[in-house]
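Per-entry structural report
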Amino acid sequence: MPTAHLTLIGKPGCHLCDDARDVVGSVVAKLADDASALTITLEERSILDDGELHDLYLEDIPVLLINGQVHNYWRIDPVRLRTALLEVS
C-alpha cells in the first residue's frame, strides 16, 4: 500500500500556515472518506523550533513536503494536492 508522508512547515501565528493546515486537513479527510488505498501521515514542524528549517524556509512558509519533496509554498491548492497524493505510488 502506498504511503504519503506530509510535512507542513510553518510557525505559530502565521495566517497562511493556518489556511494551509485547513486545506491539507480537508484534502486528507476527503481521501480517507473515499477509502483510498493510500496511507497518509501528517507532521507539522515549526521554523521556530528548528534552525535549519528556519534558514531554509523563513521567507517561504508555509511549505508542504510530500515524502520529503517540496510540493508547494505559501498557498496550498486543494486540487493540486489531491492530484499529487493520488499519484503517490
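We now turn to the structure provided with this report. Keep in mind the model is a prediction, meaning the values are calculated, not measured.

Cut-off values and rules
Residues numbered from 1 in each chain as written. Predicted model: local features only at pLDDT ≥ 70, side-chain atom pairs only at ≥ 80, totals over all residues. Heavy atoms only, no water. Helix = DSSP H or I, 4+ residues; strand = E, 2+ residues; numbered from the N terminus. Buried < 20%, exposed > 50% of the residue type's maximum accessible area, 1.4 Å probe, protein only.

Here the focus is unusual backbone geometry. Of the consecutive residues Ile 61 and Pro 62, the connecting peptide bond is found in the cis state with omega at -5°. Positionally, Pro 62 belongs in the loop between α2 (51-57) and β3 (63-66). Phi angles above zero are rare outside glycine, and Asn 67 is one such case at about 50°. You can see Asn 67 is positioned in the loop between β3 and β4 (69-73). By relative accessible area, which is 40% here, Asn 67 ends up partly exposed. Despite not being glycine, Trp 74 has its phi angle at roughly 65°, a positive value. Within the secondary structure layout, Trp 74 lies in the loop between β4 and α3 (78-86).

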